[in-house]
Each structure stands twice: as C-alpha cells, then as structure tokens.
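Remarks on the overall topology
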Amino acid sequence: MVFIYLSLGVLLFVLYQQHPEMLGTFKDKDVLAHFTVNFLPAGLKGLILAAIVLASIDSPLSSLSSSFVTDIYRPLIKRGASEAHYLRVSRFGVVGFGLVLALIAVACKPLDGILWLAFQVLSVTGGATLGVFLLGLLTKRQGNIANVLAMLLSAVGMAVLLVLSRMKLIDLGWSWLIVIGTAATFVFGYLFSLIEERGRRRKALKGTEA
C-alpha cells in the first residue's frame, strides 16, 4: 500500500516537472487535490472522493473501535454483558474515535511535511510489530510477557533514536528505525522468551515437588 501511494506521488512529480505551466501556488500536500479537481473527469473525481471517505471511515475507525471493545472495555470495564451491549459500545466508539481523529487532523493541518512525520512515527512502532511477527513465524518460542517487553523496549529505543535524529545529534535516516527496531524486537523477544520459559519450568518443578 505504501509502495502504491509513493508511486502515485512520483508520477505526479514527473507530470508537474514535465508541465511546469500547470504548477500553482499551492503547497506540496495539495498537489493530489489540485490534480484531482483540475484534471480528472467528473466520474473519476467521484470515485476518488468515495475512496478517500471509505478509507477514512471503514478501516481505521472499525479497527480502533473493535480493539477498544475487545482489549479494554470487555475484559477491564464491563465483563459478561450481552453482545448487543458490546455492539452499541462499538458504535459509540466509532463516533468517538472519529471525533478524535478529526481533531488530530485539524491540529496537524498547519504542519509541513505531515506525510514524512507520519512515516517517522510509524517507524517507531513498525519495527516492534514486524519483529514479533517474525519471531512467531520463524521460531517456536512462546512468551506473551516476553513479546510485550521486547516491543516496549524496541519502541522506546526507536523513539529515542528518532528524537536524537530530529535534533541533529545523530545522522540516522528514519527508515533505518524499522530495520533496527525489527532486529531488536526479534533478539529481545527470543532472549526474554528463554527466561520466561525457564520461569515456567521452575514453577512446574516446584508444583510437582509440593
């Protein structure tokens, strides 16, 4: 998805480089909107608008709402309620998260380079997610606590590196954070899982001796 998105940006860059007379006084983040409004036919304009609206409503809001209900509300706030109750809460969650994301979008509007900022924020946690995925795919280690600790350490470490990079204290591209974070999560998760497995064995031995 990121590759397709960036490829679209490259094609727009080539188009405006070949036709500089089409350039206006708009900012870089308005290039796609300018191209859509001025050069696409009416039918494609509607399809792009529908795609933007559906992409903004369907995937992020439903994911946030379902995660909130499944991981927080159901086990920690109200257990044993009916499925209809959880469905109502998830619907309220869609509205609530929609308002939160709208406020975030308004707050980020004055910022320049918001796309690169989003990629940099993603690089902090992206390596942790990919590292745990590879750990489960390539090894047979089982350690829920170990995985959580590894992800936390990786995310904190990558956040520190990102801050140091933005402060120009180190020369490190943000894309390397995903690579480093993935490797760190994989290594820490594997080592912590060994410790967690030894702890389970000790408890099992103590239980048999008792």
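This one's a predicted model, so the numbers in the text were calculated from it and none came from an experiment.

1. Observations regarding the overall build of the chain
Tallying secondary structure elements over the chain gives 8 helices and 0 strands in all. The helix and strand sequence of the chain, counted from the amino end, reads α-α-α-α-α-α-α-α. The long-range share in the chain, meaning contacts at least 24 apart out of those at least 6 apart in sequence, stands at 60%. With the model as given, the accessible surface of the chain reaches about 15200 Å², and the carbon-plus-sulfur share is 71%.

2. Focus on helix H7 (residues 144-166)
Compared with an ideal rise of 1.5 Å per residue, which puts 23 residues at 33 Å, H7 spans 33 Å between its outermost C-alpha atoms and is within 8% of the ideal. A positive phi of about 65 degrees marks Lys 168, the residue just after H7.

3. Examining unusual backbone geometry
Located in the positive-phi region is Lys 168, a residue other than glycine, with phi close to 65 degrees. The topology assignment puts Lys 168 in the loop between H7 and helix H8 (175-209).

4. Section: the packing of aromatic side chains
Applying the stated criterion across every chain, the model contains 5 aromatic pairs. Geometrically, the ring pair formed by Phe 68 and Phe 97 is edge-to-face, given 6.2 Å between the ring centres and 75 degrees between the ring planes. A residue pair is termed long-range when its members are at least 10 positions apart, and Phe 68 in helix H4 (residues 59-77) and Phe 97 in helix H5 (residues 83-108) qualify at 29 residues. Of the residues examined, Phe 97 reaches a relative accessible area of 25% and is grouped as partly exposed. In textbook terms, an aromatic cluster arises when at least three aromatic residues are bridged by ring pairs, as seen for Phe 68, Tyr 73, Tyr 86 and Phe 97.

5. With respect to a nonpolar patch on the surface
Taken together, the side chains of Leu 153, Val 187, Phe 188, Tyr 190 and Leu 191 make up a nonpolar region of the molecular surface, amounting to roughly 410 Å² of accessible area. Within the secondary structure, Leu 191 sits in helix H8.

6. Considering a positive patch on the surface
The grouping of Arg 198, Arg 202, Lys 203 and Lys 206 at the surface amounts to a positive patch. If you trace the backbone, Lys 206 turns up in helix H8.

7. Some details on the confidence of the model for the chain
When pLDDT is low, close inspection of the predicted coordinates is not appropriate. Averaged over every residue, the pLDDT of the chain is 81; residues scoring 70 or more account for 88%. Mean pLDDT across the secondary structure elements of the chain bottoms out at helix H3 (residues 42-57), with 73, and peaks at H7, with 88.

8. A look at the side chain of Ser 193
Along the chain, Ser 193 falls in helix H8. A distance of 2.6 Å separates a polar side-chain atom of Ser 193 from the backbone oxygen of Tyr 190. Those residues in contact with Ser 193, other than ones at most four positions away along the chain, are Arg 141 and Ala 146.

9. Topic: the environment of Leu 15
Relative to the assigned elements, Leu 15 resides in helix H1 (residues 2-18). On the accessibility criterion, Leu 15 (22% relative accessible area) is partly exposed. Once residues within four sequence positions are removed from consideration, Leu 15 is found in contact with Met 22 and Phe 35.

Rules of the game
Residues numbered from 1 in each chain as written. Predicted model: local features only at pLDDT ≥ 70, side-chain atom pairs only at ≥ 80, totals over all residues. Heavy atoms only, no water. Helix = DSSP H or I, 4+ residues; strand = E, 2+ residues; numbered from the N terminus. Contact = heavy atoms within 4.5 Å. Areas by Shrake-Rupley, 256 points an atom, 1.4 Å probe, with all protein chains shown as cover. Expected span 1.5 Å × (residues − 1). Phe/Tyr/Trp six-rings, centres within 6.5 Å; stacked < 30°, edge-to-face > 60°. Buried < 20%, exposed > 50% of the residue type's maximum accessible area, 1.4 Å probe, protein only. Patch = residues over 30% accessible without salt bridge, like charges linked within 9 Å, V, L, I, M, F, W, Y side chains within 5 Å. Salt bridge = Lys/Arg side-chain N within 4 Å of Asp/Glu carboxyl O. Lys, Arg positive; Asp, Glu negative; His and termini not counted. Charge placed at Lys NZ, Arg CZ, Asp CG, Glu CD. pLDDT = per-residue confidence, 0-100. Polar contact = N/O pair within 3.5 Å; in protein donor to acceptor, adjacent residues only side chain to side chain.

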